[in-house]
Amino acid sequence: MNYRDYNDFELLSYISEKNEEASEVLFEKYRPLINATANRLYYYCKNTGLELNDLIQEGMLGLNLAMTTFNENKETTFYTYAKTCIERKIISLVVSSRRLKHKFLNESLSFEINDEVSQSFIHEKNLEDNSYNPEEILVNSESLEELIKTVSSHLTDFEIQVFELKLNGFDYKEIAEILDKDTKSIDNALQRIKTKIKKIRG
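Note that the structure is a prediction, hence the values are computed from the model and not measured.

Student: Help me understand the overall build of the chain, please; the structure alone is not making it clear to me.
Tutor: The helix and strand inventory of the chain stands at 10 helices and zero strands. Walking the chain from its N terminus toward its C terminus, one meets helices and strands in the order α-α-α-α-α-α-α-α-α-α. Counting all 202 residues of the chain, 42% fall into the buried class. For the chain, contacts bridging at least 24 residues in sequence account for 62% of all contacts bridging at least 6. Accessible surface, the chain: about 11,900 Å² in total, of which carbon and sulfur atoms supply 45%.

Student: What am I meant to see in the nonpolar core here?
Tutor: One broad trend across soluble globular proteins is that nonpolar side chains are buried collectively. One finds L55, L63 and F78 to be the most contacted residues of the largest nonpolar core, which totals 48 residues. Beyond its immediate stretch of four places on either side in the chain, F78 contacts D8, L12, L26, Y30, L63, A66, M67 and F70.

Student: Where do I start with the confidence of the model for the chain in this structure?
Tutor: Close inspection of predicted coordinates is inappropriate for parts of the model with low pLDDT. Summing up the model confidence of the chain, the mean pLDDT is 77 and the portion of residues at 70 or higher is 72%. Per-element confidence in the chain ranges from a low mean pLDDT of 41 for helix α5 (residues 115-121) to a high of 95 for helix α3 (residues 52-69). For residues 103-129, every residue scores under 50 in pLDDT, and the model assigns this stretch 44 contacts once sequence neighbours within four places are set aside. This model gives residues 138-142 a pLDDT under 50, and the stretch forms eight contacts once residues within four places in sequence are excluded.

Student: Honestly, the packing of aromatic side chains in this entry has me stumped. Any pointers?
Tutor: For any pair of aromatic rings, the description rests on two quantities: the centre-to-centre distance and the angle between the ring planes. For the structure shown, the criterion picks out seven aromatic pairs. Measuring from centroid to centroid gives 5.3 Å for F70 and F78, while their planes differ by 85°, and the two rings are edge-to-face. Side by side, F70 and F78 carry an identical accessibility label, which is buried. Clustering of aromatic rings is evident, with ring pairs tying together F9, Y30, F70, F78, Y79 and Y81. Across from the ring centre of F158, 5.7 Å away, lies the NZ or CZ of K181, which sits over that ring.

Student: Could you clarify how one ought to interpret the environment of A189 in this entry?
Tutor: Mapped onto the secondary structure, A189 falls in helix α10 (residues 183-200). Here the alpha-carbon distance between A189 and Q161, two residues 28 residues apart in the chain, equals 9.9 Å. Filtering out sequence-adjacent residues up to four positions away, A189 remains in contact with F158, E159 and V162.

Definitions and limits used
- Residues numbered from 1 in each chain as written.
- Predicted model: local features only at pLDDT ≥ 70, side-chain atom pairs only at ≥ 80, totals over all residues.
- Heavy atoms only, no water.
- Helix = DSSP H or I, 4+ residues; strand = E, 2+ residues; numbered from the N terminus.
- Buried < 20%, exposed > 50% of the residue type's maximum accessible area, 1.4 Å probe, protein only.
- Contact = heavy atoms within 4.5 Å.
- Areas by Shrake-Rupley, 256 points an atom, 1.4 Å probe, with all protein chains shown as cover.
- Core = buried A, V, L, I, M, F, W, Y, C linked by side-chain atoms within 4.5 Å.
- pLDDT = per-residue confidence, 0-100.
- Phe/Tyr/Trp six-rings, centres within 6.5 Å; stacked < 30°, edge-to-face > 60°.
- Lys NZ or Arg CZ within 6 Å of the ring centre and 35° of its normal.

In structure tokens:
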């Protein structure tokens, strides 16, 4: 069975019938994507104890999740859905490792913004009121998990990813590279997040 002889929908149909060979074929087909994503994000795992293979394995889990939850009735291709699941699983692992490294949940840390991030994150028009910046909120929050849980229900999937990465110390450029977006998209997302947080906190 060669993946070049079947499209994704045919393979998924075989997989739904418990065809293990079809599963192996789909994993083979998406292995390059998983490897490429893992290699791209491994840069952000320095000194966390993670190995490249850990990210690859997480990507495999993401693909498996895509294979079992894909809904062909939705207006999206399996490739797009699988890519999203793979990236989210690997990004979550990277974020978790970084969170553990910095002990966000166990220590009270100051989230002072350095000059580089200040220039890109806080525009002069917003300098008068920083009370809704993610960093400022984190300072007054009991835990990162509590904060994300409270705010996430009001954010889109993309905004949640940007929000979590920003709170975990990634700067604009890093977030853009991790999510494969341009910095303007990240800036816009953070501005929307600040607006939504302002509404939530009244």
